[in-house]
Each structure stands twice: as C-alpha cells, then as structure tokens.
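Descriptive structure summary
Now for the letters of each chain:
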Amino acid sequence: MNPPAEKENLGARFGLSYFLFFAIYGIASPYLPIMLRDIGYGPGMVGVYLGVFELIGIGGPIFLAKRADAQGRYNPYLMGSGFLILAGFFVLVALKAPLATIASLGLISLGLKTPISVLDASLMKAIEKGEAAKRKLPSYGTLRALGSLGFVLVTMGAQLIPGSDSSPAWVLALATGALTLAYMLGLGLLPETGTKPDGRDRKRLDISWIDTTFLLCIAIIALSRLSMSAYTSFFSLYLVEYLNWHTVGAMSALAAVVEIPMLMLSRRAMKKYSPISLIQLSSAAVILRLLAYALFPTKGGAILGQVLHSVSYGLFHPAAVTLISLKTPPSERATGIAILMGVGMGLPVFLGSTLGGLVVESLGYRWLFALFSIFSLGSILLFKSKGERLRELR
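This report concerns the structure included in the present document. (Residues numbered from 1 in each chain as written. Predicted model: local features only at pLDDT ≥ 70, side-chain atom pairs only at ≥ 80, totals over all residues. Heavy atoms only, no water.)

Concerning the overall build of the protein chain
A count of helices and strands for the protein chain gives 15 helices and 0 strands. On C-alpha atoms alone, the protein chain measures out to a radius of gyration of 20 Å, which is about the 21 Å that the 2.2 N^0.38 rule sets for 394 residues. Projected onto the principal axes, the alpha-carbon positions of the protein chain cover approximately 55 × 50 × 35 Å. In the protein chain, 85% of the contacts between residues at least 6 apart in sequence involve partners at least 24 apart. When the accessible surface of the protein chain is summed, it comes to about 15,800 Å², and 69% of that surface belongs to carbon and sulfur atoms. Here the protein chain holds 34 positive side-chain charges and 20 negative ones, and the gap between their average locations is 5 Å. (Helix = DSSP H or I, 4+ residues; strand = E, 2+ residues; numbered from the N terminus. Rg over C-alpha atoms; globule rule 2.2 N^0.38 Å. Contact = heavy atoms within 4.5 Å. Areas by Shrake-Rupley, 256 points an atom, 1.4 Å probe, with all protein chains shown as cover. Lys, Arg positive; Asp, Glu negative; His and termini not counted. Charge placed at Lys NZ, Arg CZ, Asp CG, Glu CD.)

Structure follows, in structure tokens:
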C-alpha cells in the first residue's frame, strides 16, 4: 500500500509528467518541419518525411504498449522513450542524408508517440484505482491540460526569441534534448500503476476483444484526424512561406491556450453528452477551421483557425481516448490507446502528410485546407449512417 502522502500527490506527479512531456512537443511539433527545411528539403519532401514519421509511429508504439501491458510495467517504457528522442535528434542533425533522416525520424517518432498511450493508460488505471478506493483524483482532461500548459510555455518562450523559426536545426535539436532530459528526470516521481502479470501468456498479441464497434470508432476518429493532418503537418510552413508571418511559436501557443479550458471541461461535457457526440461536434469545428484557412488567407484567418482548436481538438482528444477506453479491456488499456494513436491518428496523418505535400506543390496551401475538410464531413456522415448505437458508450 502506498503511503498517504504519495496518494495525495498522485495528481501532482502525473501532472508534472504530462507537463514535462508535452513541453518537448513545444519544440518538436511546430519546429520539426522547419528543421527539415533547414537541412535542405523542399515542401514535397518535408511532407514525405513527415509521413514516414507518422507511419513509423503506428506499429512501433502498439508493439511497445503491448509489451508494457504484458509486463505490467509502464515506467521503463516511458524512460526508454526519452532515450529514443535524444538519439533521434542527434542523428537528424549529425547525419544529413536521406537514409539517416528516415532513421532519425523513426527514433523520434517512437520516442514521442509511445509515451502518449502508455502515460494515458497509466493515468486511467490510477483513476480507476482511486475511484475504487473512494479517493478523488483530477480528471484525465485536467491533467492533460497541464500538458498543454507545458506546450504553451515552451512555444511562447521560443517565440520570444528573435529568429526562432529560422534557427539552425542543431539549435532546435539541442533545445529539444534539454527538455527531454527534464522529462526523464521527472519520471523519477511517477508511480508505477501497471498491473502485474497474472500468469497468462500475454506476450502474444491478443486482438479477440476488437469487434466491429471498436473498428467503427477508429474509422470515425481516423477520418476526422485525416482532415486535421492538413494543418498539423503544414500550418507552420503556411505561416512562414505563404503569409510571410514568422509566428510559428505564438500561433502554436494560441492553439494550446484555447484548448486548455475545453480539456478541463471535457469530463463535465461527457456527463451530459456521449463521447461520440463530442467527436462529431469536433469534426464540424475541424471543417470550419480548415475553411477559415482556405477562404481567409490572412493573419486574421490564421488566428480564427487557431481559436477553433479549442473545440476541434480540446474536446476531440479526451472524447476519443474515453471512447476507446470504454471499448478496451482494462488489461489491454495501453494497447487499445496505442491502436487509437497509431491507426486512428497516426495512419491518417501519414496519409495526409504524404498526400498533402503533393497538393501543396501542385495546387497550393489554400486548396490543401479546402480539400481536406471533406474527410471530416465523411466522419460525420459515417456516424450518421452507421454509428448511432455509439451514443450508448458513455
């Protein structure tokens, strides 16, 4: 049994881990396309490499999450991810060759994407154990909002540094490495919430629990995430190259700031509405966001689109995680969330990044945003035709 002090500090310990982990994203997410451009790649190749980044991040984290579930230990995989990030950024800036770039992006992808599912699964188990023991813990959305706060502080700090979005790749890699080390140090305070193996052979990938309802959930989420890939992969370049507005950090921070209230209110919203209903609301917001970029190619349009991030992601992410958690056995929680992050979110971004780079080079950024709004519309239509029964999952 954990001592009372550790129980009382459980929320703070998880909050610190989310804060420090997503602080890494404050550089890695908005500035990775900039780093690839600095190394010498054009928009088309940047799109291809970002697609490779997402593709590698699909299967790897699922395998690692399955291993974490099988061993009943999450923290070693969280720590190992930090080493992968460090190694990946070192290779990226030290060996500027195509094969080395692919290898480095593979390491970075595994390092950045594995902790999302593993940390979420660890928190979900801690919340379930707390509820069973009648101990009140902060909601998932509240602790995830601390991650957004870490992202905001780093992106805003980077924005205050003149020329941050034109910095050499090695400078951005060094900053990311420092943040990664801070995250790894913070893991020393994180409790282990994994369930010890029960004697069954859980090393073999068991997918018998995956049914048509689970797959339908993934498909609805994936279509909307495919639309989002237009701005997650190309918004930084759109700001710098199309609008000639060097505010990558500030715009990323704006999006993160407006998502925080929605993340914190998501549990209350899901008490009134089902997770799938909130996902559909988010899909509609994604369409509006993309059309704002496409129809209003100005600074005002960019700001409007970033403000819509509050609904298009602030509600979408906790609703998606909750929906998949409801359809996943507790013993396979990390695996289920890894499938969500890989197949439901990573694969669409891979496809969107690869296709998006070609669209940008042939038609431009405005057509990219306009055309990709169709996929979120497809998500809404799929739900209307096949998914009404999903409202019962809550």
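Okay, back to it.
Let's talk about empty space enclosed by the protein
Going through the model one piece at a time under the given rule, you end up with 1 cavity of 30 Å³ or more. A volume near 1,000 Å³ is recorded for the largest cavity. Of the residues that constitute the lining of the largest cavity, the class distribution is 23 nonpolar, 14 polar and 6 charged. (1 Å grid on protein atoms, 1.4 Å probe; cavity = no way out; pocket = protein on both sides within 12 Å on 5 of 7 lines; lining within 4 Å. Points joined across faces, edges and corners; volume = space filled by probe spheres on them. Nonpolar A, V, L, I, M, F, W, Y, C, P; charged D, E, K, R; others polar.)

Considering a positive patch on the surface
Taken together, the side chains of Lys-136, Arg-267, Arg-268 and Lys-271 make up a positively charged region of the molecular surface. By the secondary structure assignment, Lys-136 is in the loop between helix H5 (98-132) and helix H6 (140-159). Judged by its relative accessible area of 79%, Lys-136 is exposed. (Patch = residues over 30% accessible without salt bridge, like charges linked within 9 Å, V, L, I, M, F, W, Y side chains within 5 Å. Salt bridge = Lys/Arg side-chain N within 4 Å of Asp/Glu carboxyl O. Buried < 20%, exposed > 50% of the residue type's maximum accessible area, 1.4 Å probe, protein only.)

Overview of a nonpolar patch on the surface
On the surface, Leu-55, Val-343, Leu-347 and Leu-351 cluster together to form a nonpolar patch covering roughly 290 Å² of accessible area. For the nonpolar patch, the element with the most residues is helix H14 (residues 333-362), which contributes 3 residues. Position of Leu-55 relative to the elements: it lies in helix H3 (residues 43-71).

So, the packing of aromatic side chains
This model, assessed by the stated rule, comprises 16 aromatic pairs. On the numbers, 5.1 Å between centres and 80° between planes, the contact of Phe-21 with Phe-22 is edge-to-face. Grouping residues by exposure puts Phe-21 and Phe-22 together as buried. Considering the side-chain rings of Tyr-293 and Phe-369, the 5.1 Å spacing of their centres and the 50° angle between planes classify their relative orientation as tilted. Taken together, the residues span a long stretch of sequence, with Tyr-293 in helix H10 (residues 275-295) and Phe-369 in helix H15 (residues 365-386) at a distance of 76 residues. In this structure, Tyr-293 and Phe-369 share a single accessibility class: buried. Here the aromatic residues Tyr-231, Phe-235, Tyr-238, Tyr-242, Tyr-293, Tyr-365 and Phe-369 are joined through ring pairs into a cluster of three or more. Taking NZ or CZ as reference, Arg-144 lies 3.9 Å from the ring centre of Phe-22, over its face. One residue, Arg-289, lies across the ring of Tyr-231, its end atom 3.8 Å from the ring centre. (Phe/Tyr/Trp six-rings, centres within 6.5 Å; stacked < 30°, edge-to-face > 60°. Lys NZ or Arg CZ within 6 Å of the ring centre and 35° of its normal.)

A few points about the side chain of Ser-283
Here Ser-283 lies in helix H10. Within the structure, Ser-283 has its side chain in polar contact with the side chain of Ser-224 (distance 3.1 Å). Those residues in contact with Ser-283, other than ones at most four positions away along the chain, are Ser-224, Ser-376, Ser-379 and Ile-380. (Polar contact = N/O pair within 3.5 Å; in protein donor to acceptor, adjacent residues only side chain to side chain.)

Honestly, that's just the spatial picture; any functional story needs more than this.
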